Amino acid sequence: MYAPAIIAAWCSLLLAPVLGAVTWTATPFNPAAVPLAVRSPYLSAWLPQGAGTALNDAWPTFWTGSILGWAGFVKVDGTAYNWLGVPSVPGTTFNKATQKSLKFTSTQSVFVLSAGPVDLTVTFLSPVEPTDLVNQSLPLSYYAVSAASTDGKAHSVQIYTDISAEWVTGDNSLTANWTTTTGNVLTHQVQLASQSQFNEVGDHIQQGSAYHSTLNTASATWQTGQDTVVRAQFINNGKLANTQDTAFRAVSDRWPVFAFAHDLGSVTGATAPVVFSVGHVRDPAIQYIIANNGRQSRSLFFWTRFSTVASAISTFLNDYANALARANAFDAKVNSDATKISSDYASIVALSIRQAFGATEVTVSRTGSGFNTSDVLVFMKESLTAPQNVNTVDVIFPSWPLFLYTNPTIGKQLLLPLFEYQASGQYPNKWSVHDMGASYPKAIGHNDGRDEAMPVEESGNMLIMTLSYTQKTNDLSLIRTYFNLLDQWTQFLITDSLIPANQISTDDFAGSLANQTNLAIKGIIGIKAMAQIASLVGDTARSSNYSNIAASYVQQWQKFATSSDGTHLTLAYGDSASWGLAYNLYADKLLKTNLFPASVFTMQTNWYSSHANAFGVPLDTRHTYTKSDWEIWTAGLVTSTSVRDLLISSVRKYAADGKSSQPLGDWYETTDGSVEGFRARPVVGGHLALVCIVPRARGCGLF
């Protein structure tokens, strides 16, 4: 029944013009921005690739778009080539290496560039290790460079790389200082001379230090100093001077850089990779509200194993081969699971994972003599232009499939700050709080109750996520400890979800609206979720009551929400000309609550099949834009494989359209694929929604 519209939409996808001037092989496609070093909100470096920008055609940028100085050169038989960044070095002569390929996976971005008769393979590895909280919490990222002769002859090869002080601040007029330590590991450490704990400028934390490190082999040299001076030293001599510039100054004053060089000697076959690490470390990491409006300073979890940053870096560098093997296994498993749905879907998932995890930090509280490893909380930065909220419930919710798939315990640890805070009695409203704080990394709550009000949205989200975690793990600790709070939110939903008052939902940019059909779905599923929660703890009377209420609400909701001609759900009750993505029905599938009749899913599938634009189905009839996470969630609820694949391929087409050079934005225009106002948000974790509902022996998950 969907064939004509599907054929037309597929033709749009297939016949769309190829954008940009890409001259290399891209696998699976050229994304708007390529993740280079993405481990935390403050270690987030990207190549703004756009319609076809090589690794040496632009400076890497922070997720906001501000430049992060990061340069690379190689000398081959005395001829210098630039392979990273776009440095200008007066008084020298060098060529540009030619990019031959780009491949990205869930954890890696791999570039191959030709430098005369030698190929360089540059692997940027940002480990994703959600089942090892020490490794996951390390704010360090690898890049490794190997060389191979392409003409069968031996060639003399030296490689060089540096970072600038731009890695430590959003204000380049501020003064930085730095040190270099030698030994088994060479490390440049750079930081602001005057620091401000828990404060940001331009989304850069004004606290802590950036670290650039490599193993101290016999062929390694190092240098700090003015960018043009240090780079010229390598270009002219093939090595660095092992000297420090101690004239500490503003970041933009003669642009200090922190460089390494390695002499690979005579190269024929592929060399072993030369491994570097970049990182950004601060302690404490998070300010957290506790009872009686107190404040607790929390540390990143890796400190439970390492007493110094130096020991963490040394272990990290020496573990590269093992880390790469673990990353390859992770990538292969994710790709295998996602490819069972489609290759387009697998490519979207691969681009999403580093971005989503890169907005999170795993923390632990300190005790008098160490750390309380039983007190692990995870914090998420919303990654918006403003405000930069902490643990926003309706940002965790769309990203939730990522955590269900990789390690649901991290999901629990994201919810715990919200539960702990509201159970302390400091939040005055009867519905769930919107977030843990208006400005990351200050998770200091909203004791005045004046957070952004999304009463039905957040209450439903908390109930749905809590039940899904409990179902996945059989861990009843959340529902037992916070049963009363969960029940309080349910009582609110009973009064306000069937006919929602005029309020905003997670799609707050679209404006407030009364009687939202999709919002009511979430509230009703939330009530049913509490029925199952009550059943799990043995409260059968409450479970039966809430189940009956939810079932009754669904029957009434169908009458309110269905258009007068019976062809689709409305955006708002009574407005038959309106409609939207009913993505909250996905939760009915995820939780297996089976609240909504199959006819609703079939009706919506039919509707979406004939209402897709070139880049997907609009979010609702108020605008022609959509959100990529909700497109994929909707793909998880439709009853037709063809419509599912149409939604998936629309998102993939947008992600590869070359019209943006920012980290993947989840909000975009369905008519032409142009990006709207969001970038680098963790909600892309929601792109894993489909691997969480496919039939398999153990359900959603890597384990």
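As a starting point, this report considers the structure included with it. (Residues numbered from 1 in each chain as written. Predicted model: local features only at pLDDT ≥ 70, side-chain atom pairs only at ≥ 80, totals over all residues. Heavy atoms only, no water.)

Across its full length, the protein holds 17 helices and 28 strands. Against the compact-globule benchmark of 27 Å for 703 residues, the protein has a radius of gyration of 26 Å, which places it among compact chains. Projected onto its principal axes, the C-alpha coordinates of the protein cover approximately 80 × 65 × 45 Å. Counting across all 703 residues of the protein, residues that qualify as buried make up 63%. Across the protein, contacts joining residues at least 24 apart in sequence account for 70% of those joining residues at least 6 apart. (Helix = DSSP H or I, 4+ residues; strand = E, 2+ residues; numbered from the N terminus. Rg over C-alpha atoms; globule rule 2.2 N^0.38 Å. Buried < 20%, exposed > 50% of the residue type's maximum accessible area, 1.4 Å probe, protein only. Contact = heavy atoms within 4.5 Å.)

A word on the pairing of strand β21 (residues 274-281). Of all eight residues in β21, eight are buried, a share of seventy percent or more. Burial along β21 is two-sided: the face carrying V274, F276, V278 and H280 and the face carrying V275, S277, G279 and V281 are both buried. The sheet contact formed by strand β11 (residues 140-149) and β21 spans six bridges and is antiparallel. Residue A144 lies in a different strand from β21, and its bridge partner there is V275. Relative to β21, strand β17 (residues 209-215) is paired through six bridges, and the arrangement is antiparallel. When the bridges of β21 are listed, H212 appears paired with V278. (Pairing = 2+ DSSP bridges.)

Read across the open sheet, the ten strands follow the order β1-β8-β9-β10-β11-β21-β17-β14-β13-β19; overall the sheet is mixed. Every other strand in the sheet has two partners, leaving β1 (25-27) and β19 (249-250) as the edge strands with one partner each. Examined bridge by bridge, strand β13 (residues 175-181) and β19 share two bridges and lie antiparallel to one another. The partner of T175 across the bridge, within β19, is A250. Relative to strand β10 (residues 118-125), helix α5 (residues 320-339) is tilted by about 75°, and along the sheet it contacts β9 (108-115), β10, β11 and β21. Running at roughly 90° to strand β8 (residues 98-104), helix α6 (residues 343-357) makes contact with β8, β9 and β10 of the sheet. (Axes fitted to C-alpha atoms, helices over the stretch in contact; angles between N-to-C directions.)

As a further point, take the pattern of salt bridges. Summed over the entire model, instances satisfying the criterion amount to 27 salt bridges. A salt bridge links D475 to K412, with the nearest nitrogen and oxygen atoms 3.1 Å apart. Pair noted here: D475 is in the loop between α9 (455-473) and α10 (477-481) and K412 is in helix α8 (residues 408-423), with a separation of 63 residues, a long-range link. When the shortest N-O distance is used, the salt bridge between D666 and R681 registers 2.9 Å. Here R681 lies in the segment after β28 (667-669) and D666 lies in the loop between α17 (641-655) and β28, a separation of 15 residues in the sequence. Salt bridges sharing common partners tie together E382, K627, D629, D666 and R681. (Salt bridge = Lys/Arg side-chain N within 4 Å of Asp/Glu carboxyl O.)

What follows is about the sheet that holds strand β4 (residues 61-62). On the basis of which strands lie adjacent, the open sheet formed by three strands has the order β2-β3-β4 and antiparallel pairing. Only two strands of the sheet have a single neighbouring strand rather than two, namely β2 (34-40) and β4. Pairing analysis gives two bridges linking strand β3 (residues 43-47) to β4, with the strands arranged antiparallel. From the neighbouring strand, W46 faces β4, where its bridge partner is T61. Sitting on the sheet, α6 touches β2 and β3, and the angle it makes with β2 is about 35°.

At their nearest, the axes of α6 and α17 sit 9 Å apart, and the two run at 50° to each other. When the axes of α6 and α17 are compared, the pair comes out oblique. Where α6 crosses over α17, the two elements pack in a sense that is left-handed. On α17, the residues touching D344, Y345, S347, I348 and L351 of α6 are I648, S649, V651, R652 and A655. In the contact of α6 with α17, the residues fall into six nonpolar, two polar and two charged. (Parallel < 35°, antiparallel > 145°, perpendicular 65-115°, else oblique. Left-handed = near helix turned anticlockwise from the far one by under 90°. Nonpolar A, V, L, I, M, F, W, Y, C, P; charged D, E, K, R; others polar.)

Here S137 is to be found in helix α2 (residues 133-137). Engagement of the side chain of S137 in a polar contact is seen with the backbone oxygen of V134, the distance being 3.0 Å. The residues contacting S137, other than those within four sequence positions of it, are L300, F301, F302 and V362. (Polar contact = N/O pair within 3.5 Å; in protein donor to acceptor, adjacent residues only side chain to side chain.)

Before going further, it helps to spend a moment on the pairing of strand β5 (residues 70-76). With respect to burial, β5 is a largely interior element, seven of its seven residues being buried. Burial of the side chains of β5 extends over both faces: W70, G72, V74 and V76 are buried on one face and A71, F73 and K75 on the other. Summarising the sheet, β5 and strand β12 (residues 155-164) pair through seven bridges and their orientation is antiparallel. Bridged to W70 within β12 is I163. Direction of pairing for β5 relative to strand β6 (residues 79-84): antiparallel, over a ladder of five bridges. Of the residues in β6, the one forming a bridge with V76 is T79. Between the antiparallel neighbours β5 and β6 lie two residues, among them D77 with a positive phi of about 55°.

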